[in-house]
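A structural walkthrough
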Amino acid sequence: MSDPTPVIDDLREESGELDALVARLEPGEWRTASPAPGWTVAHQVAHLAWTDRAALLAVTDEDGFRGLVEQALAAPDRYVDDGAEEGARQDPDELLASWREGRTALDEALRAAAPGARFPWYGPPMATASMATARLMETWAHGLDIADALGVVRPPTDRLRHVARIGVRARDFAYAAHGLTPPAEQFRVELTGPGGDLWAYGPEDAPQRVTGPALDFCLLATQRAHRADLALTADGPDADRWLDIAQAFAGPPGAGRRPKGAKRAAQ
């Protein structure tokens, strides 16, 4: 049984870095448009605050979380946007305080969770480490949208290892989300981390594989960049298909981002 403490620590650090970025904003800057259509910086933070509280409910009140799932099923096309819109209407100071309060409570709940505990979610149930990983993935992805909106470059860190891992593990979910049958065999995934080290997943002798920069894979799996703009290579038809549909997040497939027309240079 893996110790979830390292990923919970990394989630706290990822959130803290994003907090430092938005805490200095003037009220008007919270209304800056982000790369997500219709979403401002405030919408992005509101979404993180909302999903942190949903995760807290999943960890501490399974019946209460079931009510959130029913709400999502009742309005699948608007559920996420409505939650972000409601939060974005808050005063920026109140929104920031709400996000801080929710993520602190979630941090404490994850650290206090019983060994082997599993929690309900909008996708498959999650263990403590998986829940923390999912929150880190979303915090990084939405933080990237915020940084792009503000014209700020956030250098990639080794915390991306968690995002890459959940992207690889979500392979079969991505196929199912598109109504496709996942391949029976696993792929080999070899990614180059920000520091130049190799992050490898799957059997070494797998006939199909994906290779490239870890940052690019994380951008693809969180749908923050189009495949055409990324330096990822697929060997094999199933692996190639996966790169067209990859997603690391629960829920229906997103629209993704439009291609910019130029491939990123390999990291």
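Below, the structure is looked at part by part. (Residues numbered from 1 in each chain as written. Predicted model: local features only at pLDDT ≥ 70, side-chain atom pairs only at ≥ 80, totals over all residues. Heavy atoms only, no water.)

Here we take up the nonpolar core. Residues Leu110, Trp121, Met131, Trp140, Leu191 and Trp242 are the most contacted members of the largest nonpolar core, which totals 59 residues. The biggest single contributor to this core is helix H6 (residues 128-150), with 9 residues. With residues up to four places along the chain from it excluded, the contact list for Trp242 reads Gly167, Val168, Arg171, Tyr175, Phe187, Val189, Val210 and Phe217. Counting 17 residues, the second largest nonpolar core, distinct from the first, contains Ala42, Ala46, Leu96 and Ile146. (Core = buried A, V, L, I, M, F, W, Y, C linked by side-chain atoms within 4.5 Å. Buried < 20%, exposed > 50% of the residue type's maximum accessible area, 1.4 Å probe, protein only. Helix = DSSP H or I, 4+ residues; strand = E, 2+ residues; numbered from the N terminus. Contact = heavy atoms within 4.5 Å.)

Let us look at the packing of helix H2 (residues 41-60) against helix H4 (residues 79-88). It is the contact of H2 with H4, at a shortest axis distance of 8 Å, that shows an interaxial angle of 110°. Put simply, H2 runs roughly perpendicular to H4. Seen from H2, the contacting residues are Ala42, His43, Ala46, His47 and Trp50; seen from H4, they are Tyr79, Val80, Gly83, Ala84, Glu85, Gly87 and Ala88. Across the contact of H2 with H4, the residue classes break down as 7 nonpolar, 4 polar and 1 charged. (Axes fitted to C-alpha atoms, helices over the stretch in contact; angles between N-to-C directions. Parallel < 35°, antiparallel > 145°, perpendicular 65-115°, else oblique. Nonpolar A, V, L, I, M, F, W, Y, C, P; charged D, E, K, R; others polar.)

Attention now moves to the pattern of salt bridges. Under the criterion given, the structure shown has 26 salt bridges. Where Asp107 meets Arg12, a salt bridge forms, and the shortest distance between an N and an O atom there is 2.9 Å. Of the two residues, Asp107 is situated in helix H5 (residues 92-112) and Arg12 in helix H1 (residues 5-23); the sequence distance between them amounts to 95 residues. With a closest N to O distance of 3.5 Å, Glu62 and Arg66 form a salt bridge. One end of the pair, Glu62, and the other, Arg66, are both in helix H3 (residues 62-74), 4 residues apart, so they sit about a helical turn from each other. Classification of Glu62 as partly exposed rests on a relative accessible area of 44%. Given the relative accessible area of 40%, Arg66 is considered partly exposed. Where salt bridges share partners, they join Glu13, Glu14, Glu17, Arg154 and Arg159 into one cluster. (Salt bridge = Lys/Arg side-chain N within 4 Å of Asp/Glu carboxyl O.)

The next thing to look at is the environment of Asp82. Looking at where Asp82 falls in the secondary structure, it is placed in helix H4. For Asp82 and His47, which are 35 residues apart along the polypeptide, the C-alpha to C-alpha distance reads 9.5 Å.

Attention now moves to the environment of Pro37. Relative to the helices and strands, Pro37 is located in the loop between H1 and H2. Sequence spacing of Pro37 and Arg257 is 220 residues, and the spatial spacing of their C-alpha atoms is 9.9 Å.

To continue, consider the sheet that holds strand E3 (residues 188-192). Ordered by their spatial adjacency, 4 strands build an open sheet running E4-E3-E5-E6, and the pairing between neighbours is mixed. Across the chains shown, the open sheet's two edge strands, defined by having one partner strand only, are strand E4 (198-201) and strand E6 (233-235). Neighbour to neighbour, the strand axes of the sheet diverge by 10° on average, direction disregarded. Sheet analysis places E3 next to E4, joined by 4 bridges and oriented antiparallel. (Pairing = 2+ DSSP bridges.)

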